[in-house]
Amino acid sequence: MIEATGITKAFTTVSGEVRAVDMADLSAGKGSFTLILGRSGSGKSTLLAMLAGLIRPSSGMVRIKGEDMGTLTDDQMAALRAREIGFVFQFSGLIPTVTALENVMIPTLFLPKSSGTRERALALLSRVGVADRADAYPATLSSGEMKRVAIARALINNPSILIADEPTGDLDVDTEAEIMGLFRTLNREGITIVMVTHNPDLIPCASHTYTMDRGKLTENPDALLCRRGITGTLLGQDLQ
Amino acid sequence: MNENFSISRFITAGILHRPARNLAITVCFGLIAATIFSTQFLVAGTAGTIGEGVSRMGADLLVIPSQYALLLRGNQIGPVTAGTIIRVEPSSMRIATSYMDAIRNVPDVAMMSPQVYVASPSVPSLSASPVDIYGIDPITDFTITPWLTEPPVKSLGHGEIIVGSAISGEAASSIPLGAHTYTISGRLDPTESAVDHSVFMTLDDAYALAAEPGILTPDAPPIQPGAVNAILVKAATGADPSMVGARIQQPFPSTTLKVLERQATLKPASKAAQGLPALLNTISLVVVLAAFPLVALIAAMAAHERQRETGLLLAMGAPRRSIFAVILTESLVLALAGGIAGVALSAAAIFLIVGGGHIPVLQGFQLPALSGTMAIAATAIVIVVLVAGLASLVPAWQSSRMNPWEAIRDTR
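Colleague: What is the right way to read the overall build of chain A from this model?
Modeller: What chain A contains, in helices and strands, is eight helices and 10 strands. When each of the 240 residues of chain A is scored for burial, the buried share is 48%. The contacts of chain A with a sequence gap of at least 6 include a subset with a gap of at least 24, amounting to 71%.

Have a look at this one:
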């Protein structure tokens, strides 16, 4: 479903070239739930942005459903994102000028044909538990509600892949549990999920886990994770 | 189609959600539109006023008897004044109207009309000053009728007269002159010249009146039908009156008749009046040119403010052309709203000020016709929208070319 081979993202700074992601390999099959763990600034979000086609790698190749992203134009990549990928940002990522319901409907504007949009958006809001806030503007929503609306928006075009960048980072424990339950349900329904997180408690949800450290991506064997848990030794202080 | 949601709803929401910012931008566009509208409205009004003034400026050339020209040169009668080119000076020297056949064929002669001076009797019931009586040709006249206070319903007819502003008598009332009475068919605006104490009748009536005993002074030679004191000539628009005058003079010996040009002192005032539209047009141009970078800056700031939104839209799969359209359309909508509001308020203010006639300097200002006003309004709005569109092109293009990830990350 998603396959990254030797992808590197390098930035030029005053002190020289910095590799935010360095020769990363990742494979997330159809229906898989992939977690990418790592401390802040390790390059997780940059990796996720490349997997979602938001930025192009400096080198290496990303394939989504067999399509080499490097061969696509910007608009072709945008069309692929609209069609195949739902993205849940670390922050709420809602457009402040329109209601929750309209936020959910926005991605449908970028598909050639879309019908029953309003009903589907309402159904999704209902599914994520905020149907009663459909007409509310983002500024009046709580963090948890905003995150739920963002998830509903990511699902509106029936994507096959859901990419989430620390979707529970700023939520309380109960809301985090509810949101993760929602992700698990979506995964069980066949949606491929790639998620960046700090939270080691989410590991049992994952079919694959990777660790990002200073731009280097390492796959964690399931057995190792189950035996050791995610410790500070493995992932650093952030995960404790 | 997406039920209840569309790009236009998205744009509208974007505009309405930032009322303070967008109101400020709209006011800015409104000021530009108001300036363009008001200056162009004044340009059109000034052109109309000048046109009206030019139509009243009388003749460009006077074709007069040579002896009369000699008297003028010797300053025994006086210089050719503004009054002279509307109504010829009282004189007993005449030429035949038959010269008109030759003058008519001279190139660039747009109009010509004869006038004959009859007499200046003292009629205390009409005026404290002696009343100058003239005969004019109502069909060809172009110097008297433009001064009428009311547009004439029909040409001056037999037994009818046009009176100067200083002559007593109501419209349609009868005035006795000689053995006949004449009906006042029209009154002239004040000219601040001898025209104000004059009475104008048809040439035939003038010849008939002149034939009555006691009308002409004893030393004045009789006025034969067909004799006139001057033929007033208007040169074609754009033609040089001096050249036209030379062409009229050419076939005739200077001992017979003389062609005089309108007094040169009238030209500077005319030129100054005609320079006003150029000044107003320059103001319009300067405003548009000055507004362009300002609008571009506002558009760039607005686009920058929406950078995060733009990044999110791109991340959700918006094609670049959609982003370009959203940014550009928002700017155009604000420009259209500001343009309409600016023009409406400006028009209301102008009509209140000019139409009210409270400002003396603007009295007599010719308001452009409704169709002209609408055209000016439409032009002002179109210019503002064009300025907004052109100034927003670069910010809209830059926004559409943003990398979604960087746009989002930079504004977090």
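Colleague: I keep staring at the overall build of chain B and nothing clicks. Help me out?
Modeller: Per the secondary structure count, chain B includes 11 helices and 11 strands. The proportion of buried residues among the 412 residues of chain B is 39%. By sequence separation, contacts in chain B at least 24 residues apart represent 81% of the contacts at least 6 residues apart.

Colleague: Looking at this model, I keep getting lost on the interface of chain B and chain A. Mind explaining?
Modeller: With 23 residues of chain B at the contact, the number on the chain A side is 26 residues. Mapped by element, the contributors of at least two residues to the side of chain B that touches chain A are helix H1 (7-16), helix H8 (307-315), helix H9 (320-356) and helix H11 (404-410) of chain B. Residue composition of the side of chain B that touches chain A, grouped by class: 12 nonpolar, seven polar and four charged.

Colleague: Please explain the confidence of the model for chain A as it appears in this structure.
Modeller: A low pLDDT score tells you not to read the predicted coordinates there in detail. Residue and element names in this part refer to chain A. Per-residue pLDDT for chain A averages 85, and the proportion of residues at 70 or more is 91%. Per-element averaging of pLDDT across chain A places helix H8 (residues 232-235) at the bottom with 40 and helix H3 (residues 100-105) at the top with 94. Here residues 226-240 scores under 50 on pLDDT; set against residues more than four positions off or in separate chains, the count is 24 contacts.

Colleague: When you look at the sheet that holds strand E6 (residues 174-177) of chain B in this model, what are you seeing that I'm missing?
Modeller: Adjacent strands of a sheet pair through backbone hydrogen bonds, lying either parallel or antiparallel. All names here are of chain B. Strand order in this open sheet of nine strands is E6-E7-E5-E8-E4-E3-E10-E1-E11, and the pairing throughout is mixed. In the strand order of this sheet, the two ends are held by E6 and strand E11 (257-261), each with one partner. Taken over all neighbouring pairs, the strand axes of this sheet differ in orientation by 35° on average, direction set aside. In the sheet, strand E5 (residues 160-163) pairs with strand E8 (residues 198-202) via two bridges, with the strands oriented antiparallel. When the bridges of E8 are listed, Val-163 appears paired with Val-199. On the sheet, helix H5 (residues 203-211) packs against strand E3 (109-119), strand E4 (132-136), E6 and E8 and is oriented at approximately 135° with respect to E4. Running at roughly 180° to E11, helix H6 (residues 241-249) makes contact with strand E1 (61-65), E3, strand E10 (230-235) and E11 of the sheet.

Colleague: Even after reading the chapter, I still don't get the sheet that holds strand E2 (residues 16-28) of chain A, so can you show me in this structure?
Modeller: One open sheet accounts for four strands, arranged E2-E1-E4-E5 (chain A); its pairing is antiparallel. Two strands close off the open sheet at either side, each with one partner strand: E2 and strand E5 (67-68) of chain A.

Colleague: Would you mind going over the environment of Asp-108 of chain B with me for this structure?
Modeller: Residues and elements named next belong to chain B. Within the secondary structure, Asp-108 sits in the loop between helix H4 (99-104) and E3. Along the backbone, Asp-108 and Ala-239 are 131 residues apart, and their C-alpha atoms lie at a distance of 6.4 Å. Setting aside chain neighbours within four positions, we find Asp-108 in contact with Ala-235, Ala-236, Ala-239 and Val-244.

Colleague: Please clarify how unusual backbone geometry should be interpreted in this entry.
Modeller: Glycine aside, a negative phi is what most residues show, and trans is what most peptide bonds show. Here Glu-166 of chain A, not a glycine, exhibits a phi torsion of approximately 45°, which is positive. Note that Glu-166 of chain A resides in the loop between strand E7 (161-165) and helix H6 (173-188). For Glu-166 of chain A, a count of 20 C-beta atoms within 10 Å gives the class buried. Of note in the backbone geometry, Ala-172 of chain B takes a positive phi value of approximately 75° without being a glycine.

Colleague: Which parts of the structure should I look at to understand the nonpolar core?
Modeller: In summary, soluble globular proteins display a tendency toward joint burial of nonpolar side chains. One finds Leu-51, Val-104, Leu-125 and Ile-163 of chain A together with Ala-33, Ala-380 and Val-384 of chain B to be the most contacted residues of the largest nonpolar core, which totals 116 residues. At 12 residues, helix H2 (residues 19-56) of chain B tops the list of elements feeding residues into this core. Each residue touching Ile-163 of chain A, except ones within four places of it in the same chain, is listed here: Leu-48, Leu-51, Ala-52, Ile-85, Phe-87 and Val-194 of chain A. Ala-59, Leu-62, Tyr-117 and Ile-248 of chain B belong to the second largest nonpolar core, which has 50 residues in total.

Colleague: What exactly am I supposed to notice about the environment of Thr-39 of chain B here?
Modeller: All names here are of chain B. Within the element layout of this structure, Thr-39 appears in helix H2. Thr-39 sits in the buried class, given 23 other C-beta atoms within 10 Å. Taking the C-alpha atoms as reference points, Thr-39 and Leu-280, separated by 241 residues in sequence, lie 5.5 Å from one another. Dropping the residues within four chain positions of it, Thr-39 is found in contact with Leu-280, Ile-283 and Ser-284.

Colleague: Looking at this model, I keep getting lost on helix H2 (residues 74-84) of chain A. Mind explaining?
Modeller: Given 3.6 residues per turn, any residue in an α-helix points the same way as the ones three and four places further on. Here H2 of chain A has its buried residues at Met-77, Ala-78, Arg-81, Ala-82 and Glu-84 of chain A. Those residues of H2 of chain A that are buried are in contact with strand E4 (59-64), strand E6 (85-88) and E7 of chain A together with H8 of chain B.

Colleague: What is the right way to read the pairing of E1 of chain B from this model?
Modeller: Sheet faces and side chains relate simply in a regular strand, where the side chains alternate between the two faces. Residues and elements named next belong to chain B. Counting buried positions along E1 gives five out of five residues, so the element sits mostly inside the fold. In terms of strand pairing, E1 meets E11 through five bridges, oriented antiparallel. Counted as the bridge partner of Leu-62 is Leu-260 from E11.

Colleague: When you look at the pairing of E2 of chain A in this model, what are you seeing that I'm missing?
Modeller: Residue and element names in this part refer to chain A. Bridge count for strand E1 (residues 2-13) against E2 is nine bridges, and the pairing is antiparallel. By the bridge assignment for E2, Ala-4 is matched with Leu-26. As consecutive antiparallel partners, E1 and E2 are separated by two residues.

Colleague: Before we go on, may I ask you to explain the environment of Cys-28 of chain B in this structure?
Modeller: With respect to the helices and strands, the residue Cys-28 of chain B is situated in helix H2. Considered as a pair, Cys-28 of chain B and Ile-298 of chain B are 270 residues apart in the sequence and their alpha carbons are 9.6 Å apart.

Colleague: Looking at this structure, I do not really get the confidence of the model for chain B. What am I missing?
Modeller: Residue and element names in this part refer to chain B. This prediction gives chain B a mean pLDDT of 82; 84% of its residues lie at or above 70. Contacts for the low-pLDDT stretch residues 76-82, under 50 throughout, to residues beyond four places or in other chains number 16 contacts. Contacts for the low-pLDDT stretch residues 264-269, under 50 throughout, to residues beyond four places or in other chains number two contacts. Model confidence for the complex is summarised by a pTM of 0.66, with the ipTM given as 0.87.

Here is what the cut-offs are and how they apply
Residues numbered from 1 in each chain as written. Chains lettered and ligands numbered in written order. Predicted model: local features only at pLDDT ≥ 70, side-chain atom pairs only at ≥ 80, totals over all residues. Helix = DSSP H or I, 4+ residues; strand = E, 2+ residues; numbered from the N terminus. Buried ≥ 20, exposed ≤ 12 C-beta atoms within 10 Å, placed from the backbone. Contact = placed C-beta atoms within 7 Å. Nonpolar A, V, L, I, M, F, W, Y, C, P; charged D, E, K, R; others polar. pLDDT = per-residue confidence, 0-100. Pairing = 2+ DSSP bridges. Axes fitted to C-alpha atoms, helices over the stretch in contact; angles between N-to-C directions. Core = buried A, V, L, I, M, F, W, Y, C linked by C-beta atoms within 7 Å.

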